[in-house]
Amino acid sequence: MGGNTYTLSEDAYLTVLMHAAKYPSCTVCGVLLGHSRGGGVEVGTVLPLFHLSMLMAPCVDTALTQVSWKRRTGLSKHRGLPGWQECPTNAALLRQPRALTCQAALQRCRTLCRIRNISTVACCPLLQAEAFAEQYKLQLIGYYHAEARLNAADIHPVGKRIADRLAERQPETFVLAVNNQKLAAFSRQGSTEPPFDLMLRESSAAKGSWKKVAAGSSAGSLGLAASSSWEQLRARFLNLHAKGQHAQVADFDEHLDDVSRDYTNPHLLSGATALLER
């Protein structure tokens, strides 16, 4: 996957930044949906997942063994995967006499979540993310992560395990890490340097060996949709933040508290152009 360009739409970058801005004292994360096209990866959809339970849910990385299988595959393919039976929800699903589609598994997962301690069941959001990707013919192709610490030099090991699980299903998976120091400059000092780091895993490296890619490296680079620019992205972000629009971002943690909070955020940026003109 050397030399790939990882291009996100302006709205995708904005959703990541707004999720981080809403919870500045928390580590936040989510998944990136898009397509792999020869020589590059394109992302247009972001699903914010956690700002609280990522570091507390023991089933997060087990749940990710379910990610990116085709709908027809069902759960029978997962029965031999490491850790599959360790998750209480997975164990219950495993007792079903037939393979389940992602949608059917999601319904059963929701039922079980109502009667279990939801903080220990992380497979539900990933099943929903998979179902969403299938519905729109997208791939779960990336993971984004923003550390709570300003001077964090690396992402949390749990984040790397999530990325590892995604990479097992989709070799071109990448990590979009929010660089907090660059973000501070981007937000307050007028810098147009992208506040993100690209992280890739070498094919020969051990699990968890995700490394930042230096700017200008031949290994890969981050890109912005051709119709936009980093200056335009910065202007939109600051405008939306000043108007409190970042408070409207919903993630899966919020969805657990209030099911009316849709973490696919379909209308989050629909009024962004109008806001810029005010």
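Residues numbered from 1 in each chain as written. Predicted model: local features only at pLDDT ≥ 70, side-chain atom pairs only at ≥ 80, totals over all residues. Heavy atoms only, no water.

**Focus: the packing of aromatic side chains**
Phase 1: Applying the stated rule across the entire model yields six aromatic pairs.
Phase 2: Ring geometry for phenylalanine 252 against tyrosine 263: centres 5.2 Å apart, planes inclined by 80°, an arrangement best described as edge-to-face. In this pair, phenylalanine 252 sits in helix 9 (residues 252-257) while tyrosine 263 sits in the loop between helix 9 and helix 10 (272-277), placing the two residues eleven residues apart along the sequence. For the pair phenylalanine 252 and tyrosine 263, a shared accessibility class is recorded, and that class is buried.
Phase 3: Among the aromatic residues, ring-to-ring pairing joins Tyr13, Phe196 and Trp230 into one connected group. (Phe/Tyr/Trp six-rings, centres within 6.5 Å; stacked < 30°, edge-to-face > 60°. Helix = DSSP H or I, 4+ residues; strand = E, 2+ residues; numbered from the N terminus. Buried < 20%, exposed > 50% of the residue type's maximum accessible area, 1.4 Å probe, protein only.)

**Observations regarding the packing of helix 1 (residues 10-22) against helix 8 (residues 230-242)**
Phase 1: Following both chains from N to C, one finds helix 1 and helix 8 inclined at 40°, their axes separated by 10 Å at the closest point. Relative to helix 8, the element helix 1 is oriented oblique. Considering only the axes of helix 1 and helix 8, their crossing is right-handed. Between helix 1 and helix 8, the residues in contact are Glu10, Asp11, Tyr13, Leu14, Leu17, Met18 and Ala21 and Trp230, Gln232, Leu233, Arg236, Phe237, Leu240 and His241, respectively. (Axes fitted to C-alpha atoms, helices over the stretch in contact; angles between N-to-C directions. Parallel < 35°, antiparallel > 145°, perpendicular 65-115°, else oblique. Left-handed = near helix turned anticlockwise from the far one by under 90°. Contact = heavy atoms within 4.5 Å.)

**Here we look at the confidence of the model for the protein chain**
Phase 1: Mean pLDDT over the protein chain stands at 76; residues scoring 70 or higher make up 68%.
Phase 2: This stretch, residues 117-123, has a pLDDT under 50; its non-local contacts, to residues over four places away or in other chains, come to 20 contacts.
Phase 3: Note that residues 273-278 has pLDDT below 50 and, in this model, eight contacts with residues that lie over four places away or in other chains. (pLDDT = per-residue confidence, 0-100.)

**Overview of the pairing of strand 5 (residues 174-178)**
Each regular strand carries side chains that alternate between the two faces of the sheet.
Phase 1: Most of strand 5 is tucked away: five of the five residues are buried.
Phase 2: The alternating pattern of strand 5 places Phe174, Leu176 and Val178 on one face and Val175 and Ala177 on the opposite face, and all of these are buried.
Phase 3: Relative to strand 5, strand 4 (residues 139-146) is paired through four bridges, and the arrangement is parallel. Considered in strand 5, the bridge of tyrosine 143 is made with valine 175.
Phase 4: Traced from strand 4 through helix 6 (residues 157-169) to strand 5, the parallel crossover comes out right-handed. (Pairing = 2+ DSSP bridges. Right-handed = clockwise from strand over helix to strand, strands pointing away.)

**Quick notes on the pairing of strand 2 (residues 28-37)**
Phase 1: Most of strand 2 is tucked away, with seven of its ten residues classed as buried.
Phase 2: With seven bridges joining them, strand 2 and strand 4 adopt antiparallel strand pairing. Bridge pairing in strand 4 links cysteine 29 to histidine 145.
Phase 3: Note that strand 2 and strand 3 (residues 40-50) share nine bridges and pair antiparallel. Looking at the pairing, glycine 34 lines up with valine 43 of strand 3.
Phase 4: In this structure, the hairpin formed by strand 2 and strand 3 is closed by a connection of two residues, where glycine 39 is found at a positive phi of approximately 85°.

**Considering the pattern of salt bridges**
Phase 1: Applying the stated criterion across every chain, the model contains 13 salt bridges.
Phase 2: Between aspartate 164 and arginine 201 there is a salt bridge, and its shortest N-O distance comes to 2.7 Å. Taken together, the residues aspartate 164 in helix 6 and arginine 201 in strand 6 (residues 196-201) connect sequence positions 37 residues apart. Side by side, aspartate 164 and arginine 201 carry an identical accessibility label, which is buried. (Salt bridge = Lys/Arg side-chain N within 4 Å of Asp/Glu carboxyl O.)

**Observations regarding the nonpolar core**
The nonpolar side chains of soluble globular proteins are, as a tendency, buried together.
Phase 1: The biggest cluster of nonpolar side chains holds 37 residues, and the ones touching the most others in it are Phe174 and Leu176.
Phase 2: Counting residues per element, this core draws most heavily on helix 1, which supplies eight residues.
Phase 3: Core analysis: the second largest hydrophobic core is formed by 25 residues, Cys29, Val31, Ala167 and Phe252 among them. (Core = buried A, V, L, I, M, F, W, Y, C linked by side-chain atoms within 4.5 Å.)

**Description of the packing of helix 7 (residues 180-188) against helix 8**
Phase 1: Helix 8 packs onto helix 7 with a crossing angle of 80° between their chain directions and a minimal axis gap of 10 Å. In terms of orientation, helix 7 and helix 8 fall into the roughly perpendicular class. For the pair helix 7 and helix 8, contact is made by Leu183, Phe186 and Ser187 and by Trp230, Arg234, Phe237 and Leu238, respectively.
Phase 2: Residue composition of the contact of helix 7 with helix 8, grouped by class: five nonpolar, one polar and one charged. (Nonpolar A, V, L, I, M, F, W, Y, C, P; charged D, E, K, R; others polar.)

**Thoughts on unusual backbone geometry**
Phase 1: Look at lysine 137: it is not a glycine, yet its phi comes out positive at around 55°.
Phase 2: The backbone of asparagine 265 shows a phi angle near 50°, a positive value even though the residue is not glycine.
Phase 3: Looking at the element boundaries, asparagine 265 is found in the loop between helix 9 and helix 10.

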